[in-house]
Amino acid sequence: MKKSVIKANNLCKSFVTGKTALNVIKNLSLDIYEGEFTVIMGSSGSGKSTLLYTLSGMDSPTSGSVNILEKDITAMKEDELSSIRKKDISFIFQSINLLPDITIFENIAYCGYGVNKNKKEVNEKTLKLLEILGIKEAKEKYPSEISGGMQQRAAVARAIITNPKILFGDEPTGALNSTAAEEVLDILSDLNNNGQTVVMVTHDLKAAARASRLVYLKDGRIDGELALDKFSKADYENREVLIFQFLKERGW
C-alpha cells in the first residue's frame, strides 16, 4: 500500500486586494505518496505554484489543512514549521538563489551545517555531492563564475545535503538551456529512482515526462491525473505521447 507523505484536505487559498478576493486554490484535496515523482501542471494562473508553496509550508492556506509526514503543519507554530523545513523538506527554485558572496562549496555545506554539527562529515558529503553532480571543479568558484546549469546542479546539491524526505521543485529547469535542463532532470530522475520523493511544478513537456504521476490543475481544482511508470529514457517517446494526449484533452 502506498504511504502518503503529504495530505491536503479541502485546501483553499485566496489573495485579497482591496475589496476583491481572488480564490486561487478551491477546496482541493490531494495525497502525495512516498517515492513518487509527482509533477503538477496547468495553464498560467491555474494555481500550480500556489499549490506547491502551500503543500510545502512555504505559504499558509486560507482554509483546509496540510499534513506533512503525518504532522498537521497548518496548526504548527513557526519554530515547529521551521524545523520541518530544515530537516524533512527541501526546495529547488527556478531562480536558483545561491548566495553570491560565498563559494559553491560553501553554499552547499552551509545548509548541511544546519542539520549536522559535525563539520567534517558535512564537508566530506559536500565534496561527494560535488563529484556526483559533476561540478567538483567549481567548488572554489563563486556562482557568478559558473554557468546557469552548473549553478542549478549546485542548487540541487544544496537541497539534498540534508537528506530531505520530500524534494520540491518550482520550475527548476525553467531558466536553463535544453542541455543543462536535461542534465538537471537526469539528476532528479536518478534521485527518484533511488527512493527520493519529488514534487515538481513545470510547464515543460520534457520535464513532465520524468513524472511517475501527473496532476493537472484548472482554475484551482484538480482536473485530472495520469499515472506512469518510473522514468526510462528507452520509453521516453511513448511517455511524451501519453502526456501530450492527456494535456491536449484538458485544453493545455
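First, a word on what this report is: a plain description of the structure on this page.

Quick notes on the rules
Residues numbered from 1 in each chain as written. Predicted model: local features only at pLDDT ≥ 70, side-chain atom pairs only at ≥ 80, totals over all residues. Heavy atoms only, no water. Phe/Tyr/Trp six-rings, centres within 6.5 Å; stacked < 30°, edge-to-face > 60°. Helix = DSSP H or I, 4+ residues; strand = E, 2+ residues; numbered from the N terminus. Buried < 20%, exposed > 50% of the residue type's maximum accessible area, 1.4 Å probe, protein only. Lys NZ or Arg CZ within 6 Å of the ring centre and 35° of its normal. Pairing = 2+ DSSP bridges. Right-handed = clockwise from strand over helix to strand, strands pointing away.

Our focus in this paragraph is the packing of aromatic side chains. Throughout the structure, instances matching the rule amount to five aromatic pairs. Seen from their ring centres, Y53 and F91 are 5.2 Å apart, and the 45° between their planes marks the pair as tilted. Remark: F91 occurs in strand 6 (residues 89-93) and Y53 occurs in helix 1 (residues 48-55); sequence separation between them is 38 residues. Taken together, a centroid distance of 4.7 Å and an interplanar angle of 15° make the contact between F91 and F93 stacked. Since its relative accessible area comes to 10%, F91 is described here as buried. Of the residues examined, F93 reaches a relative accessible area of 18% and is grouped as buried. One aromatic cluster is present, formed by Y53, F91, F93 and F168 through successive ring pairs. The residue whose ring lies beneath K2 is Y33, and the NZ or CZ to ring-centre distance is 5.3 Å. Across from the ring centre of Y113, 5.1 Å away, lies the NZ or CZ of K119, which sits over that ring.

To continue, consider the pairing of strand 7 (residues 166-170). Within strand 7, five of the five residues are buried, leaving the element largely enclosed by the surrounding structure. Inspection of the sheet shows strand 6 paired to strand 7 by five bridges, in the parallel sense. Following the sheet pairing, S90 is matched in strand 7 by L167. As a crossover connection, the stretch from strand 7 through helix 6 (residues 178-193) into strand 8 (residues 197-201) is right-handed.

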